[in-house]
Amino acid sequence: MDGYIGIFLIVIAIAVFAVGGMLLLLRPRRRQAPPVVPPQAPEVTDQRPGGTAVVEEDAATTTIPPPVRPAEPVAPPAPVIEIPPPSAGRMVRLRARLARSQTSLGRGLLDLLSRDRLDDDAWDDIEDALITADVGVTPTQMMTEELRTRVKVLGSRDRAEVRGLLREQLLAQINPDLDRTLHTSPHGDRPAVVLVVGVNGTGKTTTTGKLARALIGDGRKVLLGAADTFRAAAADQLQTWGERVGAEVVRKDEGADPASVAFDAVSKGITDKVDTVIVDTAGRLHTKTGLMDELGKVKRVIEKKATVDEVLLVLDATTGQNGMRQAQVFAEAVNVTGIVLTKLDGTAKGGIVISVQRELGVPVKLVGLGEGPDDLAPFDPEVFVDAILGD
Ligand SMILES: Nc1nc2c(ncn2[C@@H]2O[C@H](COP(=O)(O)OP(=O)(O)OP(=O)(O)O)[C@@H](O)[C@H]2O)c(=O)[nH]1
């Protein structure tokens, strides 16, 4: 009996294991979850003032892009006021530049005059060289006449002697005795007034700015009048010059009456106790009557408040005879007291110094020798001639 019970218990145990195993096998399997793919965050760029686009590094793992803070408004940097160097000795400093543009004239003349035999052909060549350099017909004839006589007296000549002769003749034509003083000192409580005139493109506005710099470098207080109301850009250009050296600029809208700008500039110059007021004018007038009317009015209006000490005519040295004709029109319209010859660095025709002084009877007071802010120099005849002839 006991054997039957034992077998029965074994069978039951086997059955329990078998059912348990079956249940385990048939148990529903847990489904594999799909991999989580993070949503693609939009690329966030941050436009910094420098213009560099910066890509946020954690953008790929951020579901919601962080809010981009609006850029703080950046104030434009305050203009840095420059301290220009004084004007004394400028032409000596700029002599190398002058020599670069003018030595072909000097060397050519020295070579011609140093020839053993100076026949008529040689003298014709000398005349041609002077005419080509814009010396002008009459001064050329006077110079060659004088040189012929001196060479005959001298007989044989070495290069140093020829250089001496030529130097003497060029200086005589330029006339070192002319008064080239620039009148920019105030009269008691009234500022000096400088009117800058000339055809557009000759360098009027640039010259006005450079002159302001030079005067400030010499310790003066300067105010600028932007009476070239024909083009707003001219007033902007002047404003930039003024900001750089700390000169105030009086300006009005494009098309405003130039005389009213000049009047306001001089009035402010008196109130602010400045030393010199420099007024830049427009030069786009096509008829002589229009030019006379406008410049005459500007001058008259200024004279209600102060004296016009200088009327500087700006001439582009590269324009030759065309520039000379323009100069004559201006000289008839207004009483020019000095000439500013610009762009002498860009031409070998330095002879224009001689012809323009002769034609207008007015001295060259300043020369422009480059586009840089300090490339304007008081004209020095001796430095000029030495730069032409080389050492
Ligand atoms: N190389 C050289 N360039 C110069 C000189 N003076 C002026 N310039 C250049 O000549 C150009 C004309 O100068 P501006 O001062 O604008 O002439 P502007 O007569 O006032 O002419 P508008 O403003 O059009 O009336 C500019 O590019 C100047 O930089 C100089 O002495 N040498």
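First, a word on what this report is: a plain description of the structure on this page. (Residues numbered from 1 in each chain as written. Predicted model: local features only at pLDDT ≥ 70, side-chain atom pairs only at ≥ 80, totals over all residues.)

**Re the overall build of the protein**
1) Next: Looking only at helices and strands, the protein features 13 helices and ten strands.
2) Next: Taken over 391 residues, the protein has a buried fraction of 39%.
3) Next: Intrachain contacts of the protein at a sequence separation of at least 6 include 74% that bridge at least 24 residues. (Helix = DSSP H or I, 4+ residues; strand = E, 2+ residues; numbered from the N terminus. Buried ≥ 20, exposed ≤ 12 C-beta atoms within 10 Å, placed from the backbone. Contact = placed C-beta atoms within 7 Å.)

**Things to note about the packing of helix 9 (residues 258-271) against helix 10 (residues 288-302)**
1) Next: Put simply, helix 9 and helix 10 touch, their axes get as near as 8 Å, and they point 25° apart. Relative to helix 10, the element helix 9 lies roughly parallel. Taken as a pair, helix 9 and helix 10 cross one another with a handedness that is right-handed. Contact with helix 9, carried on its side by Pro-258, Ala-259, Ala-262, Phe-263 and Val-266, involves Glu-294, Lys-297, Val-298, Val-301 and Ile-302 of helix 10 and no other residues of that element. (Axes fitted to C-alpha atoms, helices over the stretch in contact; angles between N-to-C directions. Parallel < 35°, antiparallel > 145°, perpendicular 65-115°, else oblique. Left-handed = near helix turned anticlockwise from the far one by under 90°.)

**Details of the sheet that holds strand 8 (residues 338-342)**
1) Next: Strand order in the open sheet made by the eight strands is 5-4-6-3-7-8-9-10, with mixed pairing throughout. At either end of the open sheet lies a strand with only one pairing partner, and these are strand 5 (248-250) and strand 10 (376-378). Strand-to-strand twist in this sheet, taken as the mean axis angle between neighbours without regard to direction, amounts to 25°.
2) Next: Together, strand 7 (308-316), strand 8 and strand 9 (364-368) form the strand contacts of helix 12 (residues 352-360), whose direction differs from that of strand 8 by roughly 155°. (Pairing = 2+ DSSP bridges.)

**Considerations on the nonpolar core**
1) Next: Of all hydrophobic cores here, the largest spans 89 residues; its most connected members are Ala-212, Ala-262, Leu-313 and Leu-341.
2) Next: If we ignore the near neighbours within four places in the chain, the residues touching Leu-313 are Val-197, Gly-198, Ala-327, Phe-330, Ala-331, Val-336 and Ile-339. (Core = buried A, V, L, I, M, F, W, Y, C linked by C-beta atoms within 7 Å.)

**A closer look at the environment of Glu-248**
1) Next: On the secondary structure map, Glu-248 appears in strand 5.
2) Next: A tally of 17 C-beta atoms within 10 Å means that Glu-248 is categorised as partly exposed.
3) Next: Along the chain, Glu-248 and Ala-75 lie 173 residues apart, while their C-alpha atoms are 21 Å from each other.
4) Next: Once residues lying within four places of it in the same chain are set aside, the contact partners of Glu-248 are Leu-223 and Gly-242.

**Examining the pairing of strand 3 (residues 192-197)**
1) Next: By the criterion of burial, strand 3 is predominantly enclosed, with six of the six residues buried.
2) Next: Here strand 3 shows two buried faces, one formed by Ala-192, Val-194 and Val-196 and the other by Val-193, Leu-195 and Val-197.
3) Next: Two elements, strand 3 and strand 7, share five bridges in a ladder whose sense is parallel. Residue pairing for strand 7: Val-193 is matched across the bridge by Val-308.

**Considerations on the site of the ligand**
1) Next: Near the ligand lie 19 residues; those nearest to it are Asn-200, Gly-203, Thr-205, Thr-206 and Gly-368.
2) Next: Looking at the shell around the ligand, the element that brings in the most residues is helix 7 (residues 204-217), giving three residues.
3) Next: Of the residues that constitute the shell around the ligand, the class distribution is two nonpolar, eleven polar and six charged. (Near = placed C-beta within 6 Å. Nonpolar A, V, L, I, M, F, W, Y, C, P; charged D, E, K, R; others polar.)

**Concerning unusual backbone geometry**
1) Next: The phi dihedral of Asp-134 falls on the positive side, at around 70°, and the residue is not glycine.
2) Next: Topologically, Asp-134 is positioned in the loop between helix 4 (120-132) and helix 5 (137-154).
3) Next: In this model, Lys-343 sits at a positive phi of 60°, which is unusual for a non-glycine residue.
4) Next: Locating Lys-343 in the fold gives a position in the loop between strand 8 and helix 12.

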